[in-house]
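Structure assessment
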Amino acid sequence: MAFYRPDSDLTQALHGVLDELKATRPGLEEQLSITWLLYDSSPIDLAAGLESNDVWSLPIRGAAHRSDQQRYPASVVKLAYAMAIEQWLARDLLLESPELRRAMQDMIGDSSNDATSLVMDLLSGTTSGPELPPDPFSSWARQRQLVNQWFASLGWPEWEGSNACQKTWGEGPYGRERQFYGADLENRNRLSTDITARMLHAVLTGAWVSPLASARLRDLLSRSLDLEERKADPENQVDGFLGGGLPVGSRLWSKAGWMSQARHDAAYIETPGCLPFLVVAFSEGPERAADESLLPELTQRLIQASALS
(Lines give C-alpha, C1' and ligand atoms only; values in the text may rest on other atoms or scores of the structure.)
Protein backbone atom coordinates (compact mmCIF):
# COMPACT_ATOMS: atom_id res chain seq x y z
CA MET A 1 0.00 0.00 0.00
CA ALA A 2 1.29 3.47 -0.87
CA PHE A 3 2.42 5.76 1.96
CA TYR A 4 -0.12 8.30 0.72
CA ARG A 5 -3.89 7.94 0.44
CA PRO A 6 -5.16 7.77 -3.15
CA ASP A 7 -7.81 10.44 -3.54
CA SER A 8 -10.58 10.12 -6.12
CA ASP A 9 -10.89 13.86 -6.73
CA LEU A 10 -7.14 14.28 -7.24
CA THR A 11 -7.06 11.20 -9.47
CA GLN A 12 -9.80 12.67 -11.64
CA ALA A 13 -7.95 16.00 -11.78
CA LEU A 14 -4.69 14.28 -12.73
CA HIS A 15 -6.40 12.34 -15.50
CA GLY A 16 -7.77 15.61 -16.81
CA VAL A 17 -4.29 17.15 -16.77
CA LEU A 18 -2.87 14.14 -18.62
CA ASP A 19 -5.59 14.36 -21.25
CA GLU A 20 -4.65 17.99 -21.90
CA LEU A 21 -0.93 17.29 -22.04
CA LYS A 22 -1.13 14.28 -24.33
CA ALA A 23 -3.41 16.04 -26.84
CA THR A 24 -0.32 17.41 -28.60
CA ARG A 25 2.15 14.72 -27.50
CA PRO A 26 1.51 11.30 -29.08
CA GLY A 27 2.57 8.42 -26.84
CA LEU A 28 2.81 10.54 -23.69
CA GLU A 29 0.60 8.26 -21.61
CA GLU A 30 3.21 5.48 -21.83
CA GLN A 31 6.21 7.80 -21.65
CA LEU A 32 5.24 9.61 -18.45
CA SER A 33 5.04 8.57 -14.80
CA ILE A 34 3.70 10.90 -12.11
CA THR A 35 3.24 10.83 -8.34
CA TRP A 36 1.38 13.88 -7.01
CA LEU A 37 0.86 14.51 -3.27
CA LEU A 38 -1.17 17.34 -1.79
CA TYR A 39 -0.56 18.54 1.77
CA ASP A 40 -3.03 20.38 3.99
CA SER A 41 -0.15 22.48 5.33
CA SER A 42 3.60 22.72 4.86
CA PRO A 43 5.32 19.46 5.91
CA ILE A 44 8.49 21.48 6.48
CA ASP A 45 6.72 23.58 9.10
CA LEU A 46 5.13 20.49 10.65
CA ALA A 47 8.45 18.66 10.87
CA ALA A 48 9.63 20.65 13.88
CA GLY A 49 6.90 19.21 16.10
CA LEU A 50 6.85 15.60 14.91
CA GLU A 51 8.67 12.47 15.93
CA SER A 52 10.28 10.79 12.91
CA ASN A 53 7.87 7.84 12.97
CA ASP A 54 4.84 10.13 13.05
CA VAL A 55 5.40 11.63 9.61
CA TRP A 56 4.07 8.51 7.91
CA SER A 57 0.70 9.04 9.64
CA LEU A 58 0.28 12.52 8.19
CA PRO A 59 -2.92 12.82 6.12
CA ILE A 60 -1.43 12.93 2.63
CA ARG A 61 -3.75 12.81 -0.34
CA GLY A 62 -2.31 11.72 -3.65
CA ALA A 63 -2.83 10.63 -7.22
CA ALA A 64 -0.60 8.77 -9.61
CA HIS A 65 -0.05 7.62 -13.15
CA ARG A 66 2.27 4.66 -13.82
CA SER A 67 3.89 5.52 -10.50
CA ASP A 68 5.23 2.02 -9.82
CA GLN A 69 6.94 1.70 -13.21
CA GLN A 70 10.71 1.46 -12.90
CA ARG A 71 12.51 3.92 -15.17
CA TYR A 72 16.09 5.08 -15.57
CA PRO A 73 16.19 8.05 -13.15
CA ALA A 74 19.16 9.95 -14.63
CA SER A 75 20.42 12.46 -12.04
CA VAL A 76 17.39 12.15 -9.77
CA VAL A 77 19.20 9.16 -8.25
CA LYS A 78 21.59 11.65 -6.65
CA LEU A 79 18.88 12.32 -4.08
CA ALA A 80 19.23 8.73 -2.88
CA TYR A 81 23.02 9.07 -2.67
CA ALA A 82 22.77 12.30 -0.67
CA MET A 83 20.37 10.60 1.73
CA ALA A 84 22.75 7.65 2.07
CA ILE A 85 25.64 9.98 2.94
CA GLU A 86 23.66 11.38 5.89
CA GLN A 87 22.90 7.84 7.04
CA TRP A 88 26.55 6.78 6.77
CA LEU A 89 27.64 9.86 8.75
CA ALA A 90 25.12 9.13 11.49
CA ARG A 91 26.42 5.56 11.78
CA ASP A 92 30.07 6.70 11.85
CA LEU A 93 30.78 4.92 8.59
CA LEU A 94 32.17 8.16 7.16
CA LEU A 95 33.98 11.14 8.61
CA GLU A 96 32.58 14.62 8.23
CA SER A 97 34.81 16.87 6.11
CA PRO A 98 34.63 20.09 4.07
CA GLU A 99 35.47 18.12 0.92
CA LEU A 100 32.54 15.76 1.48
CA ARG A 101 30.18 18.72 1.97
CA ARG A 102 31.56 20.39 -1.17
CA ALA A 103 30.88 17.22 -3.14
CA MET A 104 27.35 17.00 -1.72
CA GLN A 105 26.63 20.61 -2.66
CA ASP A 106 27.92 20.15 -6.20
CA MET A 107 26.14 16.80 -6.65
CA ILE A 108 22.72 18.18 -5.72
CA GLY A 109 23.07 21.91 -6.37
CA ASP A 110 24.86 21.66 -9.73
CA SER A 111 24.15 17.98 -10.52
CA SER A 112 27.87 17.37 -10.96
CA ASN A 113 28.72 13.85 -12.16
CA ASP A 114 32.30 14.24 -10.93
CA ALA A 115 31.06 14.99 -7.42
CA THR A 116 28.68 12.04 -7.63
CA SER A 117 31.61 9.79 -8.51
CA LEU A 118 33.38 10.75 -5.28
CA VAL A 119 30.19 10.31 -3.27
CA MET A 120 29.66 6.79 -4.61
CA ASP A 121 33.30 5.93 -3.91
CA LEU A 122 32.83 7.03 -0.29
CA LEU A 123 29.53 5.21 0.14
CA SER A 124 30.81 1.91 -1.25
CA GLY A 125 34.55 1.88 -0.62
CA THR A 126 35.15 1.29 -4.33
CA THR A 127 36.83 3.23 -7.10
CA SER A 128 36.55 3.26 -10.87
CA GLY A 129 39.30 1.78 -13.04
CA PRO A 130 40.12 -0.92 -15.58
CA GLU A 131 38.12 -4.12 -15.88
CA LEU A 132 38.68 -6.68 -13.11
CA PRO A 133 39.10 -10.45 -13.14
CA PRO A 134 36.04 -12.42 -11.91
CA ASP A 135 36.92 -12.81 -8.21
CA PRO A 136 38.05 -9.22 -7.53
CA PHE A 137 35.13 -7.94 -9.60
CA SER A 138 32.67 -9.98 -7.55
CA SER A 139 33.98 -8.42 -4.33
CA TRP A 140 33.92 -4.96 -5.88
CA ALA A 141 30.34 -5.44 -7.10
CA ARG A 142 29.17 -6.56 -3.65
CA GLN A 143 30.50 -3.33 -2.17
CA ARG A 144 28.63 -1.30 -4.76
CA GLN A 145 25.34 -2.76 -3.53
CA LEU A 146 25.55 -1.14 -0.10
CA VAL A 147 23.14 1.69 -0.89
CA ASN A 148 20.63 -0.78 -2.30
CA GLN A 149 20.96 -2.96 0.76
CA TRP A 150 20.35 -0.04 3.09
CA PHE A 151 17.21 1.14 1.34
CA ALA A 152 15.92 -2.44 1.13
CA SER A 153 16.40 -2.77 4.91
CA LEU A 154 13.89 0.04 5.50
CA GLY A 155 11.04 -2.19 4.40
CA TRP A 156 9.49 0.44 2.13
CA PRO A 157 7.34 -1.50 -0.36
CA GLU A 158 7.93 1.21 -2.98
CA TRP A 159 11.62 0.27 -3.07
CA GLU A 160 10.93 -3.16 -4.62
CA GLY A 161 12.61 -3.37 -8.03
CA SER A 162 14.67 -0.21 -7.51
CA ASN A 163 18.39 0.00 -8.18
CA ALA A 164 20.73 2.76 -7.01
CA CYS A 165 24.30 1.52 -7.38
CA GLN A 166 25.72 3.24 -10.46
CA LYS A 167 27.63 6.46 -10.90
CA THR A 168 26.23 9.03 -13.30
CA TRP A 169 28.01 9.87 -16.53
CA GLY A 170 28.33 12.51 -19.19
CA GLU A 171 29.57 10.12 -21.90
CA GLY A 172 29.09 6.72 -20.32
CA PRO A 173 30.90 4.20 -18.11
CA TYR A 174 34.24 2.57 -18.95
CA GLY A 175 36.32 -0.25 -17.51
CA ARG A 176 34.93 -1.93 -14.43
CA GLU A 177 32.04 0.56 -14.40
CA ARG A 178 30.88 -0.68 -17.82
CA GLN A 179 31.51 -4.24 -16.65
CA PHE A 180 29.17 -3.55 -13.71
CA TYR A 181 26.36 -2.37 -15.98
CA GLY A 182 26.09 -5.85 -17.53
CA ALA A 183 26.25 -6.87 -21.16
CA ASP A 184 22.72 -5.57 -21.87
CA LEU A 185 22.83 -2.70 -19.34
CA GLU A 186 20.58 -4.77 -17.11
CA ASN A 187 22.16 -3.28 -13.97
CA ARG A 188 21.33 0.35 -14.79
CA ASN A 189 19.86 2.48 -12.05
CA ARG A 190 16.08 2.20 -11.69
CA LEU A 191 13.56 4.18 -9.66
CA SER A 192 9.82 4.74 -9.76
CA THR A 193 8.11 8.04 -9.07
CA ASP A 194 6.51 6.50 -5.96
CA ILE A 195 9.81 5.62 -4.27
CA THR A 196 11.28 8.97 -5.27
CA ALA A 197 8.27 10.72 -3.76
CA ARG A 198 8.67 8.74 -0.53
CA MET A 199 12.34 9.68 -0.29
CA LEU A 200 11.63 13.36 -0.87
CA HIS A 201 8.74 13.27 1.62
CA ALA A 202 11.05 11.83 4.28
CA VAL A 203 13.51 14.67 3.76
CA LEU A 204 10.82 17.35 3.80
CA THR A 205 9.30 16.14 7.05
CA GLY A 206 12.57 15.70 8.94
CA ALA A 207 12.16 11.93 9.05
CA TRP A 208 15.41 11.01 7.30
CA VAL A 209 18.10 10.15 9.88
CA SER A 210 17.37 13.21 12.06
CA PRO A 211 15.73 16.63 11.79
CA LEU A 212 19.20 18.19 11.40
CA ALA A 213 20.27 15.79 8.64
CA SER A 214 16.96 16.32 6.84
CA ALA A 215 17.39 20.09 7.11
CA ARG A 216 20.85 19.85 5.52
CA LEU A 217 19.37 17.89 2.63
CA ARG A 218 16.54 20.39 2.21
CA ASP A 219 19.08 23.19 2.02
CA LEU A 220 20.82 21.38 -0.83
CA LEU A 221 17.52 20.91 -2.68
CA SER A 222 16.38 24.53 -2.36
CA ARG A 223 16.23 26.31 -5.74
CA SER A 224 16.39 30.01 -6.46
CA LEU A 225 13.56 31.29 -8.65
CA ASP A 226 15.26 34.63 -9.24
CA LEU A 227 15.19 35.27 -12.99
CA GLU A 228 18.62 36.89 -13.13
CA GLU A 229 20.23 34.03 -11.25
CA ARG A 230 18.57 31.56 -13.57
CA LYS A 231 19.77 33.42 -16.66
CA ALA A 232 23.32 33.31 -15.30
CA ASP A 233 23.10 29.53 -14.85
CA PRO A 234 21.65 27.75 -17.92
CA GLU A 235 21.74 24.42 -16.02
CA ASN A 236 19.71 25.76 -13.10
CA GLN A 237 17.37 22.72 -12.80
CA VAL A 238 14.39 25.09 -12.85
CA ASP A 239 13.83 26.19 -16.45
CA GLY A 240 12.55 23.32 -18.56
CA PHE A 241 11.63 21.42 -15.40
CA LEU A 242 8.82 21.54 -12.85
CA GLY A 243 9.99 24.85 -11.38
CA GLY A 244 9.78 26.57 -14.75
CA GLY A 245 6.02 26.89 -14.41
CA LEU A 246 5.93 28.62 -11.03
CA PRO A 247 4.43 32.07 -10.41
CA VAL A 248 6.11 34.85 -8.45
CA GLY A 249 6.18 34.23 -4.71
CA SER A 250 6.66 30.47 -4.98
CA ARG A 251 9.25 28.34 -3.18
CA LEU A 252 10.89 25.25 -4.67
CA TRP A 253 12.93 22.29 -3.46
CA SER A 254 13.87 19.87 -6.23
CA LYS A 255 16.26 17.50 -7.98
CA ALA A 256 16.10 17.23 -11.75
CA GLY A 257 17.50 14.65 -14.15
CA TRP A 258 18.10 15.08 -17.85
CA MET A 259 19.84 13.11 -20.59
CA SER A 260 19.26 12.23 -24.23
CA GLN A 261 16.45 9.79 -23.42
CA ALA A 262 14.83 11.32 -20.35
CA ARG A 263 13.67 14.50 -18.64
CA HIS A 264 12.71 14.04 -14.98
CA ASP A 265 12.12 16.11 -11.88
CA ALA A 266 11.21 15.58 -8.24
CA ALA A 267 9.92 18.72 -6.56
CA TYR A 268 8.15 20.08 -3.51
CA ILE A 269 6.37 23.35 -4.23
CA GLU A 270 4.78 26.08 -2.16
CA THR A 271 2.98 28.68 -4.24
CA PRO A 272 0.48 31.43 -3.40
CA GLY A 273 -3.17 30.54 -3.65
CA CYS A 274 -2.97 26.75 -3.42
CA LEU A 275 -2.05 23.96 -1.05
CA PRO A 276 1.60 22.86 -0.94
CA PHE A 277 2.32 19.82 -3.07
CA LEU A 278 4.99 17.31 -4.02
CA VAL A 279 5.25 16.05 -7.57
CA VAL A 280 7.63 13.58 -9.19
CA ALA A 281 7.48 13.29 -12.97
CA PHE A 282 9.61 10.95 -15.06
CA SER A 283 9.34 11.29 -18.86
CA GLU A 284 11.18 9.00 -21.27
CA GLY A 285 12.14 9.02 -24.94
CA PRO A 286 14.09 11.44 -27.14
CA GLU A 287 10.98 13.56 -27.80
CA ARG A 288 10.34 14.00 -24.10
CA ALA A 289 14.01 14.67 -23.35
CA ALA A 290 13.89 17.57 -25.79
CA ASP A 291 10.49 18.81 -24.59
CA GLU A 292 11.27 21.85 -22.43
CA SER A 293 7.60 22.78 -22.02
CA LEU A 294 6.12 19.51 -20.68
CA LEU A 295 7.19 19.72 -17.05
CA PRO A 296 6.52 23.46 -16.61
CA GLU A 297 3.10 22.98 -18.19
CA LEU A 298 2.41 20.03 -15.89
CA THR A 299 3.19 22.23 -12.87
CA GLN A 300 0.93 25.03 -14.09
CA ARG A 301 -1.98 22.66 -14.56
CA LEU A 302 -1.41 20.99 -11.16
CA ILE A 303 -1.39 24.42 -9.52
CA GLN A 304 -4.78 25.10 -11.05
CA ALA A 305 -6.04 21.77 -9.76
CA SER A 306 -4.50 22.32 -6.30
CA ALA A 307 -6.20 25.68 -6.01
CA LEU A 308 -9.55 23.93 -6.39
CA SER A 309 -8.81 21.03 -4.01
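Keep in mind that what you see is a predicted model, and the values were worked out from it rather than measured. (Residues numbered from 1 in each chain as written. Predicted model: local features only at pLDDT ≥ 70, side-chain atom pairs only at ≥ 80, totals over all residues. Heavy atoms only, no water.)

Points about the nonpolar core
Counting residues in each nonpolar core, the largest one holds 52 residues, and the members touching the most others are Tyr 81, Trp 208 and Leu 278. Residue contributions to this core peak at nine residues, all from helix 4 (residues 78-90). Among all residues touching Leu 278, those that are not within four sequence positions of it are Thr 35, Trp 36, Leu 37, Tyr 39, Ala 197, Leu 200, His 201, Leu 204, Ala 267 and Tyr 268. Listed in part, the 29 residues of the second largest apolar core include Ile 269, Phe 277, Leu 298 and Ala 305. (Core = buried A, V, L, I, M, F, W, Y, C linked by side-chain atoms within 4.5 Å. Buried < 20%, exposed > 50% of the residue type's maximum accessible area, 1.4 Å probe, protein only. Helix = DSSP H or I, 4+ residues; strand = E, 2+ residues; numbered from the N terminus. Contact = heavy atoms within 4.5 Å.)

Details of the pairing of strand 3 (residues 61-65)
Taken across its five residues, strand 3 has four buried, putting it largely inside the fold. As judged from the two bridges shared by strand 1 (residues 5-6) and strand 3, these two strands associate in the parallel manner. Bridge pairing in strand 3 places Arg 5 opposite Arg 61. The pairing of strand 2 (residues 32-38) with strand 3 spans five bridges and is classified as antiparallel. Looking across to strand 3, one finds that Trp 36 is bridged to Ala 63. (Pairing = 2+ DSSP bridges.)

What to know about unusual backbone geometry
Even without glycine at this site, Ala 74 takes up a positive phi of about 50°. Relative to the assigned elements, Ala 74 resides in the loop between strand 3 and helix 4. The class of Ala 74 is buried, set by a relative accessible area of 4%. At Leu 185, a residue that is not glycine, the phi angle is positive and equals roughly 60°.

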